[in-house]
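# A look at the structure
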Amino acid sequence: MAAEAPAHQVRLRLYGAAQADGPGGVTLPLRGRAALLVALAALEPGGVARERAAALVWPEAHSPRQNLRQQLLRFRQGLGVALLQGETTLRLADGVALLPAELGAELLAGEEAGADEGGLWLLQRRNHQRAEQMQQLRALAQAAEAQGDGEGALAQALAMLR
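Note that the coordinates shown come from a computational prediction; the quantities given were computed from them, not determined experimentally.

### What about the overall build of the protein?
Within the protein, the regular secondary structure consists of 5 helices and 7 strands. Helices (α) and strands (β) of the protein occur, in sequence order from the N terminus, as β-β-β-α-β-α-α-β-β-β-α-α. Projecting the C-alpha coordinates of the protein onto the three principal axes gives extents of approximately 60 × 50 × 25 Å. In the protein, which comprises 162 residues, the share counted as buried stands at 40%. Counted over contacts in the protein with a minimum sequence separation of 6, partners at least 24 positions apart contribute 54%.

Rendered as structure tokens:
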């Protein structure tokens, strides 16, 4: 008998207003440094080293690793389950599902990208996301045009201008 994959206990939204929806209808809004930390762990291929995450999220803190431990504890307390895991590399915990970006939704919308290295990381990710979305819109417009759907092609072209 094959083992079943663990059910997703937490649904994570990073595009638009960032939040984690946990078991029992618990919703944990993710703002500021907490949002940046989760985005780093979720979007960096293979996760992010704990040292690097702490330095990016709390660049001026006296004890960034202590701040990291405290934030991980706040996530667990707020949701009742772990949001991130990893002793040396942080990644999404088992049972956390990252929801895909909806077309036009911005990564950590409403969060200001600071002038520090963490803010620069966020700007780069947003730029990468916009480029991917433009490719999707372009492909949709070309497909509509190929099918003779002028209105559909025009709607996708207009979406690219927004």
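### Re the nonpolar core
Core analysis: the biggest nonpolar cluster contains 42 residues, and Leu 14, Leu 37, Phe 75, Leu 83 and Leu 84 have the highest contact counts within it. Of all the secondary-structure elements, those providing two or more residues to this core are strand E1 (10–13), helix H1 (32–43), helix H2 (50–57), helix H3 (64–79), strand E6 (89–92) and helix H4 (117–146). Of the residues forming this core, the biggest block, 10 residues, is contributed by H1.

### Topic: the sheet that holds strand E5 (residues 84–85)
If you walk across this open sheet you meet the 3 strands as E4-E6-E5, and the pairing is antiparallel. Edge positions in the sheet fall to strand E4 (48–49) and E5, since each of these pairs with one other strand and no more. Looking at chain direction, E5 and E6 are connected through 2 bridges and run antiparallel. Paired with Leu 84 across the two strands is Leu 92, which belongs to E6. The sheet contacts of H1 involve E4, E5 and E6, and relative to E6 the element is tilted by about 90 degrees.

### Things to note about the sheet that holds strand E3 (residues 27–29)
Taken together, 4 strands build an open sheet; the order of strands is E3-E2-E1-E7 and the sheet is mixed. For this open sheet the edge positions go to E3 and strand E7 (96–98), each flanked by a neighbour on one side alone. With strand direction ignored, the average angle separating the axes of adjacent strands in the sheet is 20 degrees. Judged from the 3 bridges that link them, E1 and strand E2 (residues 19–21) form a sheet pairing that is antiparallel.

### Observations regarding the packing of H2 against H3
Where H2 meets H3, the axes come as close as 9 Å, and the angle between the chain directions of the two elements is 95 degrees. Taken as axis vectors, H2 and H3 run roughly perpendicular relative to one another. Contacts between H2 and H3 involve Arg 50, Glu 51 and Ala 54 on the former and, on the latter, Pro 64, Arg 65, Leu 68, Arg 69 and Leu 72. Among the residues making up the contact of H2 with H3, the classes are represented as 4 nonpolar, no polar and 4 charged.

### Considering the pattern of salt bridges
Throughout the structure, instances matching the rule amount to 4 salt bridges. Across the pair Glu 44 and Arg 52 runs a salt bridge whose closest N-O atoms are separated by 3.6 Å. With a relative accessible area of 35%, Arg 52 lands in the partly exposed category. Across the pair Arg 126 and Glu 106 runs a salt bridge, and its minimum N-O distance is 3.8 Å. On the criterion of sequence distance, the pair formed by Arg 126 in helix H4 and Glu 106 in the loop between E7 and H4 is long-range, its members being 20 residues apart. Connected through salt bridges with shared partners, the residues Glu 106, Arg 126 and Arg 130 form a single ionic network.

Rules of the game
- Residues numbered from 1 in each chain as written.
- Predicted model: local features only at pLDDT ≥ 70, side-chain atom pairs only at ≥ 80, totals over all residues.
- Heavy atoms only, no water.
- Helix = DSSP H or I, 4+ residues; strand = E, 2+ residues; numbered from the N terminus.
- Buried < 20%, exposed > 50% of the residue type's maximum accessible area, 1.4 Å probe, protein only.
- Contact = heavy atoms within 4.5 Å.
- Core = buried A, V, L, I, M, F, W, Y, C linked by side-chain atoms within 4.5 Å.
- Pairing = 2+ DSSP bridges.
- Axes fitted to C-alpha atoms, helices over the stretch in contact; angles between N-to-C directions.
- Parallel < 35°, antiparallel > 145°, perpendicular 65-115°, else oblique.
- Nonpolar A, V, L, I, M, F, W, Y, C, P; charged D, E, K, R; others polar.
- Salt bridge = Lys/Arg side-chain N within 4 Å of Asp/Glu carboxyl O.

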